Amino acid sequence: MTDSKYFTTNKKGEIFELKAELNNEKKEKRKEAVKKVIAAMTVGKDVSSLFPDVVNCMQTDNLELKKLVYLYLMNYAKSQPDMAIMAVNSFVKDCEDPNPLIRALAVRTMGCIRVDKITEYLCEPLRKCLKDEDPYVRKTAAVCVAKLHDINAQMVEDQGFLDSLRDLIADSNPMVVANAVAALSEISESHPNSNLLDLNPQNINKLLTALNECTEWGQIFILDCLSNYNPKDEREAQSICERVTPRLSHANSAVVLSAVKVLMKFLELLPKESDYYNTLLKKLSPPLVTLLSGEPEVQYVALRNINLIVQKRPEILKQEIKVFFVKYNDPIYVKLEKLDIMIRLASQANIAQVLAELKEYATEVDVDFVRKAVRAIGRCAIKVEQSAERCVSTLLDLIQTKVNYVVQEAIVVIRDIFRKYPNKYESIIATLCENLDSLDEPDARAAMIWIVGEYAERIDNADELLESFLEGFHDESTQVQLTLLTAIVKLFLKKPSETQELVQQVLSLATQDSDNPDLRDRGYIYWRLLSTDPVTAKEVVLSEKPLISEETDLIEPTLLDELICHIGSLASVYHKPPNAFVEGSHGIHRKHLPIQHGSIDTGESPVSTGPAAPIEPAQSVIPSQGDLLGDLLNLDLGPPVNVPQVSSMQMGAVDLLGGGLDSLLGGDLGGGVGGSPAVGQNFIPSSVPNTFAPSPTPAALSSGLNDLFELSTGMAVTTGGYVAPKTVWLPAVKAKGLEISGTFSRRQGQMYMDMTFTNKALQHMTDFAIQFNKNSFGVIPTTPLPIHTPLMPSQSIDVSLPLNTIGPVMKMDPLNNLQVTSNVHRMVPWSVLGKSRRADLQRPISQSHTVSGKLQNDNIYTIAKRNVEGQDMLYQSLKLTNGIWILAELRIQPGNPNYTLSLKCRAPEVSQYVYQVYDSVLKN
């Protein structure tokens, strides 16, 4: 009879009966009773009251009974910590049992009991088990160290267990080595900056030796560990690759992906012209193809990883495109992934095959798949220029099918083809216009409107077509409204005499009747352009558009490199770094591909050849498409390019709109003929640094866009930003007589650390040097410390050390903590740490433009200003040296010392330091 009988009883009062059975003298009865207890526990019954009786059953030689008792202990020890201590003696005794299975079982169970009171008793047995003669016990003890570290990290370090784990890497048994590596990897995740594994050529050799003999999961742990190692040269990288390559033929797909990860990483160190490099690329292809013959779920994981590999090195699978052709019985998630990879591998050599497949897919029944297939045809046209005509012909055939969602998707991709190949395929516009009435999706409507606006001069009834969209303007999505506004303005600039009424109507709808700030602002900007300078309006609205590229959905290169380092993990399936989805992952160490020794890849280097090019670290946050805040946070507020001013006399200084729009906002906008400003007047947005832009001439504006664009106030030209007074960073008592005080400043766009070194010792000091630790902003000195003469007793010397932000970045706590080491015959560590504080101003604020000018000196730029109920609202932006954008709203009331500051930023932790900056600047 099987053990299922233990789960079928429903007797009442069984706890009392079990208690009696557990204390029975017969071993078999006790064993039966423990099985019943475990069965009751498994189905959710509370049997914790039997704890002392079950613990008594530990004193047995029967391995099966011992396992059951230990299972019970693991489940209830946390709720009964005081009772659990009763079992400690039994654990200690079992750790010295002659049977290695019982020793291993005891140490495993003690590691699983997460009770602080018990952990201190675990140290001695664990130490013995780590040096046990039996490898099974040693491998179990290695994992136990990681569990114990999770409960009490400090105790593990104090007891020297980490050193014992490192010793196990040299163990003769491969499974012990694998478990030691797994435990150290687990512990190092919570200590990302510690070098626990101490990877060196000797240890790597031991790991590679163990790799051939341990179990599949042991191989995965070792391969993952190898992927974190940076070989010292290409010879070592090639040697490791040769020993890892046999893992590509393993039956377990996780082992294959881990091996691929190691090889992809070390390929970076191999010269591309070498024979071995090309041989390795060929060897990577078959195992990846083999992964696609597994279950659909395994296929999906493999495809997500292959997607990354193809983006990094498309040459690996360029000959295998047929493997990614869709099968009729593939699940939809596999079909979509295959389609994506197929487009990435499309080239002139295989485009005919790919197009034939895609046309077939476009007649499938699955709507999502059909849409993506039609989109893929458009991507092929953009990627492979020679195939563009065939692709357009295929799309026209699909439009003729009159299937609604196919037609709409085709129009969206044809718009992109027009962007890529202007003035080449416009003959098909008439066919597109025939399907105008069937468009009901925002993307398709917006695409059709864009086409009509862009080629309005070639479409006789363009005004009627756009007017038909205008009838339900407020019911359209924002995307369609914005596109329609731009299209009608384009039409007006091409045919001003026929469409003046239409453009007035759309601008009225956009500015007066709309609650959407994006639509309203765009309407105001077009209105201002059209009513002041028609030449500029044409240059801006009808400017030549940049050609689009196919690879718009490529993963950003730095993120791709990081994801390659995580092949075979969830990060490679989500296509997101671990810290984007792992809770509490602020300590996760960011991984990067190694850089080939002695080479500089000029193709991807962000460093300009010019002497003054600032170097900024790549942003860690990539805003999603359509994220308006993301677009704003990624604006580059650099100095404007000098565009030659074209006098509006070339088209006449008359408002093209004939004063028609002046009534939209009410009031006379004055300043020139027909409501336009005076001829030749410049407009410089207040967000441009006044160092680079001439001061705008105040315009006599009385209403309308006056507040939005601040045309009525010039920005006062001021010099120099706020520099905090020097504070003592390193007191003399801590550095044997050397006192360092200092502050930070910015002069002519260059950051400086201004310091005063004072010798308060009795002997002179020489050989000054300085070193910065990793910090949140990558700040490092650009030159050595410029102190070349001895510093005599009681003497002080002022030093300005230029800084830049191209150093290694590591998030500090607090964020503005900068740790510096100075060398004066000895190492003196010290810390530059700002403190956050908030306070009211000591004197009333006079005018908002004074505040705006003062903040601009410190690179905080005012974008817009308005007055609400007597309060001035300044909308400002600033950018930190590590690429983080911050948007600010500053509310001030003239004559009142209080101010309110609201911030919006992707990294909320910087907020307190921004408050501190505002506070310091405004109070001084």
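Rules of the game
Residues numbered from 1 in each chain as written. Predicted model: local features only at pLDDT ≥ 70, side-chain atom pairs only at ≥ 80, totals over all residues. Heavy atoms only, no water. UniProt positions renumbered as here; feature names shortened; annotations may be inferred. Axes fitted to C-alpha atoms, helices over the stretch in contact; angles between N-to-C directions. Helix = DSSP H or I, 4+ residues; strand = E, 2+ residues; numbered from the N terminus. Parallel < 35°, antiparallel > 145°, perpendicular 65-115°, else oblique. Left-handed = near helix turned anticlockwise from the far one by under 90°. Contact = heavy atoms within 4.5 Å. Nonpolar A, V, L, I, M, F, W, Y, C, P; charged D, E, K, R; others polar. Pairing = 2+ DSSP bridges. Buried < 20%, exposed > 50% of the residue type's maximum accessible area, 1.4 Å probe, protein only. Phe/Tyr/Trp six-rings, centres within 6.5 Å; stacked < 30°, edge-to-face > 60°. Lys NZ or Arg CZ within 6 Å of the ring centre and 35° of its normal. Patch = residues over 30% accessible without salt bridge, like charges linked within 9 Å, V, L, I, M, F, W, Y side chains within 5 Å. Areas by Shrake-Rupley, 256 points an atom, 1.4 Å probe, with all protein chains shown as cover. Salt bridge = Lys/Arg side-chain N within 4 Å of Asp/Glu carboxyl O. Core = buried A, V, L, I, M, F, W, Y, C linked by side-chain atoms within 4.5 Å. pLDDT = per-residue confidence, 0-100. Bend = angle between axes of the 7 residues up to and from the residue. Expected span 1.5 Å × (residues − 1). Polar contact = N/O pair within 3.5 Å; in protein donor to acceptor, adjacent residues only side chain to side chain.

As recorded by an unreviewed UniProt entry, the protein chain carries the name AP complex subunit beta and is attributed to Esox lucius. Its UniProt record gives the protein chain a comment under Sequence similarities (unreviewed entry), which states: "Belongs to the adaptor complexes large subunit family." Entered under Subcellular location (unreviewed entry) in the UniProt record, the comment concerning the protein chain runs "Endomembrane system".

**Observations concerning the packing of helix 18 (residues 296–312) against helix 31 (residues 557–564)**
Angle between the axes and distance between the axes: these two values describe a pair of packed helices. With their axes 10 Å apart at the nearest point, helix 18 and helix 31 run at an angle of 130 degrees to one another. Compared by their axis directions, helix 18 and helix 31 come out oblique. Of the two elements, helix 18 crosses helix 31, and the hand of that crossing is left-handed. Contact residues: helix 18 offers Leu 308, Ile 309, Gln 311 and Lys 312, while helix 31 offers Leu 560, Asp 561, Leu 563 and Ile 564. Counted by class, the contact of helix 18 with helix 31 contains five nonpolar, one polar and two charged residues.

**Some remarks on the sheet that holds strand 12 (residues 899–905)**
Taken in spatial order, the four strands of this open sheet run 9-10-11-12, and their pairing is antiparallel. Looking at which strands have only one partner, the edges of the open sheet turn out to be strand 9 (861–868) and strand 12. Each adjacent strand pair in this sheet contributes to an overall mean axis angle of 20 degrees, direction not counted. Pairing of strand 10 (residues 871–879) with strand 11 (residues 885–892) involves eight bridges; the strand directions are antiparallel. Along strand 11, the bridge assignment pairs Ser 877 with Leu 887. The sheet contacts of helix 36 (residues 848–856) involve strand 9, strand 10 and strand 11, and relative to strand 10 the element is tilted by about 10 degrees.

**Re the environment of Thr 119**
Among the structural elements, Thr 119 can be located in helix 8 (residues 116–130). Between the alpha carbons of Thr 119 and Leu 148 there is a distance of 7.4 Å; along the sequence they are 29 residues apart. Once residues within four sequence positions are removed from consideration, Thr 119 is found in contact with Leu 148, Ile 151 and Met 155.

**A closer look at the environment of Val 851**
With respect to the helices and strands, the residue Val 851 is situated in helix 36. Overall, the relative accessible area of 6% leaves Val 851 in the buried class. Separated by 71 residues in the primary sequence, Val 851 and Leu 922 have C-alpha atoms spaced 7.3 Å apart.

**Topic: the pairing of strand 2 (residues 738–747)**
Taken across its 10 residues, strand 2 has seven buried, putting it largely inside the fold. The pairing of strand 1 (residues 727–730) with strand 2 spans three bridges and is antiparallel. The residue bridging Leu 730 from the neighbouring strand is Ile 740, located in strand 2. Bridging between strand 2 and strand 3 (residues 750–759) involves 10 bridges; their strand directions are antiparallel.

**A look at the sheet that holds strand 1**
What holds strands together in a sheet is hydrogen bonding between their backbones, with the strands either parallel or antiparallel. The five strands lie next to each other as 1-2-3-6-5, forming an open sheet whose pairing is antiparallel. Two strands bound the open sheet, and with one partner strand each, they are strand 1 and strand 5 (780–781).

**Description of the packing of aromatic side chains**
According to the stated counting rule, one finds eight aromatic pairs in the structure shown. With a centroid separation of 5.5 Å and 80 degrees between ring planes, the pair formed by Phe 418 and Tyr 455 is classed as edge-to-face. One end of the pair, Phe 418, is in helix 23 (residues 404–420); the other, Tyr 455, is in the loop between helix 25 (442–454) and helix 26 (462–470), with 37 residues separating them in the sequence. Assessed through its relative accessible area of 1%, Phe 418 is described here as buried. A residue is classified by how much of its surface remains accessible, and Tyr 455, at 6% relative accessible area, is buried. Arranged with centres 5.5 Å apart and planes meeting at 40 degrees, the rings of Trp 729 and Phe 744 form a pair that is tilted. One end of the pair, Trp 729, is in strand 1; the other, Phe 744, is in strand 2, with 15 residues separating them in the sequence. For Trp 729, a relative accessible area of 13% puts it in the buried group. Of the residues examined, Phe 744 reaches a relative accessible area of 35% and is grouped as partly exposed. One aromatic cluster is present, built from ring pairs that chain together Phe 418, Trp 450 and Tyr 455. Positioned above the aromatic ring of Tyr 421 is the side chain of Lys 424, whose terminal nitrogen or guanidinium carbon lies 5.4 Å from the ring centre.

**Here we look at a nonpolar patch on the surface**
Residues Leu 570, Tyr 574, Phe 581 and Val 582 make up a contiguous nonpolar surface patch of roughly 340 Å² in combined accessible area. Tracing the backbone shows Phe 581 in the loop between helix 32 (570–574) and helix 33 (628–633). Phe 581 gets classed as partly exposed once you look at its relative accessible area, which sits at 30%.

**Brief notes about the nonpolar core**
Tyr 72, Leu 73, Leu 126, Val 244 and Phe 418 are the most contacted members of the largest nonpolar core, which totals 209 residues. Sorting elements by how many residues they give to this core places helix 27 (residues 478–494) first, with 10 residues. Dropping the residues within four chain positions of it, Leu 73 is found in contact with Phe 51, Val 55, Met 58, Ala 87, Phe 91 and Ile 113. Residues Phe 772, Ile 787, Leu 815 and Val 921 belong to the second largest nonpolar core, which totals 46 residues.

**Observations concerning the confidence of the model for the protein chain**
Mean pLDDT for the protein chain: 77, with 81% of residues reaching 70 or above. This model gives residues 658–719 a pLDDT under 50, and the stretch forms 112 contacts once residues within four places in sequence are excluded. Below a pLDDT of 50 lies the segment residues 833–843, which in the model reaches 30 contacts outside its immediate sequence neighbourhood of four places, other chains included.

**With respect to helix 28 (residues 496–511)**
Considering bend angle alone, the principal kink of helix 28 is centred on Leu 502 and spans about 30 degrees. Those residues of helix 28 that sit buried are Thr 499, Leu 502, Val 503, Val 506, Leu 507, Ser 508, Leu 509, Ala 510 and Thr 511.

**A short note on the packing of helix 16 (residues 253–266) against helix 18**
The N-to-C vectors of helix 16 and helix 18 enclose an angle of 10 degrees; their axes lie 12 Å apart at closest approach. It follows that helix 16 is roughly parallel to helix 18 by the angle criterion. Across the interface between the two elements, Ser 253, Leu 257, Val 260 and Met 264 from helix 16 touch Val 298, Val 301, Asn 305, Ile 309 and Lys 312 from helix 18. Partitioning the contact of helix 16 with helix 18 into residue classes produces six nonpolar, two polar and one charged.

**Here we look at helix 7 (residues 100–112)**
Relative to the 18 Å expected for 13 residues at 1.5 Å per residue, helix 7 spans 18 Å between its end C-alpha atoms, a close match to the ideal helical length. Of all the residues in helix 7, the buried ones are Ile 102, Arg 103, Ala 104, Leu 105, Ala 106, Val 107, Thr 109, Met 110 and Gly 111. Elements in contact with the buried residues of helix 7: helix 4 (63–76), helix 6 (88–94), helix 8 and helix 9 (135–151). For helix 7, the N-terminal capping position is held by Asn 99, with its side-chain oxygen 2.9 Å away from the main-chain nitrogen of Leu 101.

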